[in-house]
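Here is how the chains run, residue by residue.
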There are 4 protein chains.
Amino acid sequence: MSKYQELKRTCYEANMELPAQGLVIFTFGNVSAVDRQEGVFAIKPSGVDYAVLRPEDIVIVDFDCQVVEGTMRPSSDTKTHAFLYREWSEIGGISHTHATYSVAWAQAQQDIPIFGTTHADYLTSDIPCAPPMGDELIKGNYEHMTGQQIVDCFTEKGLSYQEVEMVLLGNHGPFTWGKTAAKSVFNSKLLEELARMAYLTLQINPDAPRLKEALIKKHWERKHGKDAYYGQN
Amino acid sequence: MSKYQELKRTCYEANMELPAQGLVIFTFGNVSAVDRQEGVFAIKPSGVDYAVLRPEDIVIVDFDCQVVEGTMRPSSDTKTHAFLYREWSEIGGISHTHATYSVAWAQAQQDIPIFGTTHADYLTSDIPCAPPMGDELIKGNYEHMTGQQIVDCFTEKGLSYQEVEMVLLGNHGPFTWGKTAAKSVFNSKLLEELARMAYLTLQINPDAPRLKEALIKKHWERKHGKDAYYGQN
Amino acid sequence: MSKYQELKRTCYEANMELPAQGLVIFTFGNVSAVDRQEGVFAIKPSGVDYAVLRPEDIVIVDFDCQVVEGTMRPSSDTKTHAFLYREWSEIGGISHTHATYSVAWAQAQQDIPIFGTTHADYLTSDIPCAPPMGDELIKGNYEHMTGQQIVDCFTEKGLSYQEVEMVLLGNHGPFTWGKTAAKSVFNSKLLEELARMAYLTLQINPDAPRLKEALIKKHWERKHGKDAYYGQN
Amino acid sequence: MSKYQELKRTCYEANMELPAQGLVIFTFGNVSAVDRQEGVFAIKPSGVDYAVLRPEDIVIVDFDCQVVEGTMRPSSDTKTHAFLYREWSEIGGISHTHATYSVAWAQAQQDIPIFGTTHADYLTSDIPCAPPMGDELIKGNYEHMTGQQIVDCFTEKGLSYQEVEMVLLGNHGPFTWGKTAAKSVFNSKLLEELARMAYLTLQINPDAPRLKEALIKKHWERKHGKDAYYGQN
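Residues numbered from 1 in each chain as written. Chains lettered and ligands numbered in written order. Predicted model: local features only at pLDDT ≥ 70, side-chain atom pairs only at ≥ 80, totals over all residues. Heavy atoms only, no water.

Draft legend 1. Spotlight on the overall build of chain A. In terms of helices and strands, chain A carries eight helices and eight strands. Since a compact globule built from 233 residues should have a radius of gyration of about 17 Å, the 18 Å found for chain A is in line with a globular shape. Projected onto its principal axes, the C-alpha positions of chain A cover 55 × 45 × 35 Å. Burial status across chain A gives 62% buried among its 233 residues. For chain A, the exposed surface amounts to about 8,900 Å²; the carbon and sulfur share of it is 47%. Taken as two groups, the 22 positive and 30 negative side-chain charges of chain A have centres that lie 4 Å from each other. (Helix = DSSP H or I, 4+ residues; strand = E, 2+ residues; numbered from the N terminus. Rg over C-alpha atoms; globule rule 2.2 N^0.38 Å. Buried < 20%, exposed > 50% of the residue type's maximum accessible area, 1.4 Å probe, protein only. Areas by Shrake-Rupley, 256 points an atom, 1.4 Å probe, with all protein chains shown as cover. Lys, Arg positive; Asp, Glu negative; His and termini not counted. Charge placed at Lys NZ, Arg CZ, Asp CG, Glu CD.)

Printed below as a string of structure tokens:
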């Protein structure tokens, strides 16, 4: 029995949440789950339909994207996942979808403004949209540079990947992450709902104001601050 | 056996209607049910996912928000519920959601105009959107002041809480209430549908007129007036 | 056993199609089915939730709206149904809904333009929106005058009720009809889909042209003309 | 036992995917599957509701639209299918739907711009919208000329039917095709999702730029180029 069986199961179940939550159709998207002690991560095989995906199809690769276990080719986005795991030491899972409203904002090449407390309950800034990659980089090691593109976007905007667990790639779609693979899927669903709410808000009022700082701070702190009183912990 | 068992069951079932009606995802929202004779109300515990919520998880608190029965922490919005129960003596249940179209109007900071008879069948005024709270109040007893904010909004606009059983909090989302917890959930669903219809109406015709007074009066009276002939009572 | 049992069953099943097709929530809407030989029609009781509606709850009334059989109060819209059955001798069923996109067009007080062949496969004109009733009429026999309002709209626009089996009432919502109750429900669903397509069309292109006459004629005739070749009859 | 039994089954299952994927209601749409060795294709019978469609109802016709096997009348669009099978020798199946967002773009008479990588993963050009047919042609052999209209559109725009497996007919709706009937249904679903994403993109940003050439090329080549690395083959 593979020593990666539990990791594969975790990765499989997180992947299957994407179609269950209405975030992907066909073969779109992928989720990975990392085991930092073993120096590997599990990821969806490339181009496999969720309707036929099985736990044993999940591929185990190391941080150089070499296959450690599995007979299938890993997701074509594997290099992006590997880049983020190497750069950001505290994340345990990564999700990528082509969810409709998230993609629409990415195609519009606009950050999603923080319009309300639904947003502020989870993050205190606009959801960043990274500009499309330069032509030279696209021709090169594309999926590797996609990871670089995400990290550069966070550096330029002065964002913390531990506070903002999501990004839109211009003209492409969302990547989200978290302490676990399941949390990264949660963030994909959250992002899609925030994208939909912000879209509707601007349709009703194109001049809708951003949420004021006092409310951003309040909602974040009651849930994540040192005197947080939301939830059971 | 707890003397609050039936109250907990009522509260539990009303809470479970929120995801069943598509009004919340994750842990969003909460419903409470009051027992005025006992001077307590039952409310959803804070941050618990509907998928795992059980009747015995419901928390019983008094009107000062002290836990009377239950091992979990009550909703972070408990003080808002308590405020409304104290101020408005005829309500039996309160619901709070982050339903998409309701939140979009709240984020747009606009009242929902009364555009048609679907709206007038239930209330005769626009659905009020309370302006965001002042910064000083936010830093203080926030959830208590949220209740104050709702009551102030009704006072300023001259609205009766028994005729208008719903409000939008600017940048936040909807609170609804009614004679029972189930009725407050009904009102959350109704509000979401009216929010969606009004949104579409303005997309088709930005100059759509408000419903004329004669029709507002007629539809309200045939359902709620002294010679009402709608329904079986 | 009631001699109206089959009529009640037909009416019940047509009513239950409204929530099944996503056209109503709560107690919204109603369907009736006529028996012209007996001079009666069956209709939904007023204010009863579809979730608890039973075939035996259906009310039988004559064309003067007198209850012939049944213990419940008939729909508050019964007089509108009666008016249409009296005026239009060839219709066998009538549906009324508060379906979202249909209501949005009614609230926008605009006819739904004929933009494509989906529309022309079923009717050759825009879907008419009757203007809101005058104040004096509203105060009088409102539901009776609603029937008059529909017939007047068709007379003024020179429409045939046998060719155009649907109308929007300004600020209210749709009424549809047909040779049977089931056909009237079909028309409610068709109208909702045409309303949604037309809404999206104008969002994409505010100057979208109406379908040209040659295509209107072709699609109508291949399905309903004397040399029709659509379908199995 | 009919020698076309397997062909009928293939055609039946592809047709049933249309309502399962939410692409049609009622009797809308049709799918065909070709057997080029036998010189015939299987197609949905005209005007039959998907709820009652059976495999044995599927009609077998030759490329001149003569019925070879079956007791029902074939789809009224049969001549369009036959035209495309004769002109384009490499296609194995054709789908036609009235899916909502696809129809909205067709009614808006606009090509769907290539806005993102979801689009570029499958085709490198805008999705073409053929202009409505001239009045003289409509009066003649309409469904035959619809096939001509599609082929002319591809010729004028310099498109390859093997690279672009979909088209919108102005004021009508989408036709899609592929190596198999199942692939043509996949393309109908893909088109509907791209239509929805592009619609939302323009609502958020009316000046949203087309995807840049370097990204179009990259996404196409990683999936379909000679060094493709997407998928398992």
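Draft legend 2. Representation of the sheet that holds strand β7 (residues 166-169) of chain D. All names here are of chain D. The strand order across the open sheet built from eight strands is β4-β3-β2-β1-β5-β8-β7-β6, with neighbouring strands paired in mixed fashion. Both edges of this open sheet fall to β4 (67-69) and β6 (129-130), since each of them pairs with a single strand only. As paired strands, strand β1 (residues 30-35) and strand β2 (residues 40-43) are joined by four bridges and run antiparallel to one another. Of the residues in β2, the one forming a bridge with Ala 33 is Ala 42. Across the face of the sheet, helix α1 (residues 5-20) comes into contact with β1, β2, β3 (59-62), β4 and β5 (93-96) while running at roughly 155° to β1. (Pairing = 2+ DSSP bridges. Contact = heavy atoms within 4.5 Å. Axes fitted to C-alpha atoms, helices over the stretch in contact; angles between N-to-C directions.)

Draft legend 3. Examining the interface of chain A and chain B more closely. Each partner contributes to the interface: chain A provides 34 residues, whereas chain B provides 34 residues. Viewed at the interface, chain B and chain A are joined by three salt bridges. Note that Asp 77 of chain B and Arg 222 of chain A form a salt bridge whose closest N and O atoms lie 3.5 Å from each other. Where chain A touches chain B, the interface holds 21 residue pairs in polar contact (both at pLDDT 80 or more). (Salt bridge = Lys/Arg side-chain N within 4 Å of Asp/Glu carboxyl O. Polar contact = N/O pair within 3.5 Å; in protein donor to acceptor, adjacent residues only side chain to side chain.)

Draft legend 4. Representation of the relation of the copies chain A and chain B. The transformation that overlays chain A on chain B combines an axial shift of 0.0 Å with a rotation of 90°, and the residual RMSD is 0.0 Å. The operation mapping one copy onto its partner corresponds to a four-fold rotation axis. Among all C-alpha atoms of chain A, that of Gln 203 of chain A lies closest to the rotation axis, at 5.6 Å. Interface residue correspondence from chain A to chain B reaches only 6%, placing this contact among heterologous pairings that use different surfaces. (Least-squares fit on C-alpha atoms with pLDDT ≥ 70 in both.)

Draft legend 5. Quick peek at the packing of aromatic side chains. Scanning the entire structure with this criterion turns up 48 aromatic pairs over all chains. Centre to centre, the rings of Phe 26 of chain A and Phe 28 of chain A are 5.8 Å apart; their planes meet at 80°, and the pair counts as edge-to-face. Ring geometry for Trp 88 of chain A versus Phe 154 of chain A: centroids 5.3 Å apart, planes at 55°, classification tilted. Here the residue Trp 88 of chain A occupies a position in the loop between α2 (78-87) and β5 (93-96), and Phe 154 of chain A occupies one in helix α6 (residues 142-157), the gap between them amounting to 66 residues. Like Phe 154 of chain A, Trp 88 of chain A is buried. Taken together, Phe 26 and Phe 28 of chain A together with Tyr 122 and Phe 186 of chain D form an aromatic cluster joined through their ring pairs. Here the basic side chain of Lys 44 of chain A rests over the ring of Tyr 50 of chain A, its NZ or CZ set 4.7 Å away from the ring centre. Here the guanidinium or amino end of Lys 223 of chain B rests over the ring plane of Tyr 230 of chain B, the centre of that ring lying 4.1 Å away. (Phe/Tyr/Trp six-rings, centres within 6.5 Å; stacked < 30°, edge-to-face > 60°. Lys NZ or Arg CZ within 6 Å of the ring centre and 35° of its normal.)

Draft legend 6. How the structure looks around the pattern of salt bridges. Enumeration over the complete set of coordinates arrives at 56 salt bridges over all chains. Between Arg 54 of chain C and Asp 57 of chain C there is a salt bridge; the shortest N-O distance is 2.8 Å. The exposure class assigned to Arg 54 of chain C is partly exposed, which follows from its relative accessible area of 44%. The residue Asp 111 of chain D makes a salt bridge to Lys 157 of chain D at a minimum N-O spacing of 3.0 Å. Taken together, the positions of Asp 111 of chain D in the loop between α3 (100-108) and α4 (117-120) and Lys 157 of chain D in helix α6 (residues 142-157) put the pair 46 residues apart, joining distant regions of the chain. In this structure Asp 111 of chain D comes out as partly exposed when scored by relative accessible area, which is 27%. Look at the salt bridges and you will find they share partners, linking Arg 54, Glu 56 and Asp 57 of chain A into a network.

Draft legend 7. Representation of helix α7 (residues 181-204) of chain A. Here α7 of chain A is 24 residues long and its end C-alpha atoms lie 35 Å apart, about the 34 Å a rise of 1.5 Å per residue gives. Among the 24 residues of α7 of chain A, 19 are classified as buried, and the element is accordingly described as predominantly covered. (Expected span 1.5 Å × (residues − 1).)

Draft legend 8. Quick peek at the pairing of β2 of chain D. Residues and elements named next belong to chain D. The alternating pattern of β2 places Val 40 and Ala 42 on one face and Phe 41 and Ile 43 on the opposite face, and all of these are buried. The pairing of β2 with β3 spans four bridges and is classified as antiparallel. What sits directly across from Ala 42, in β3, is Ile 60.

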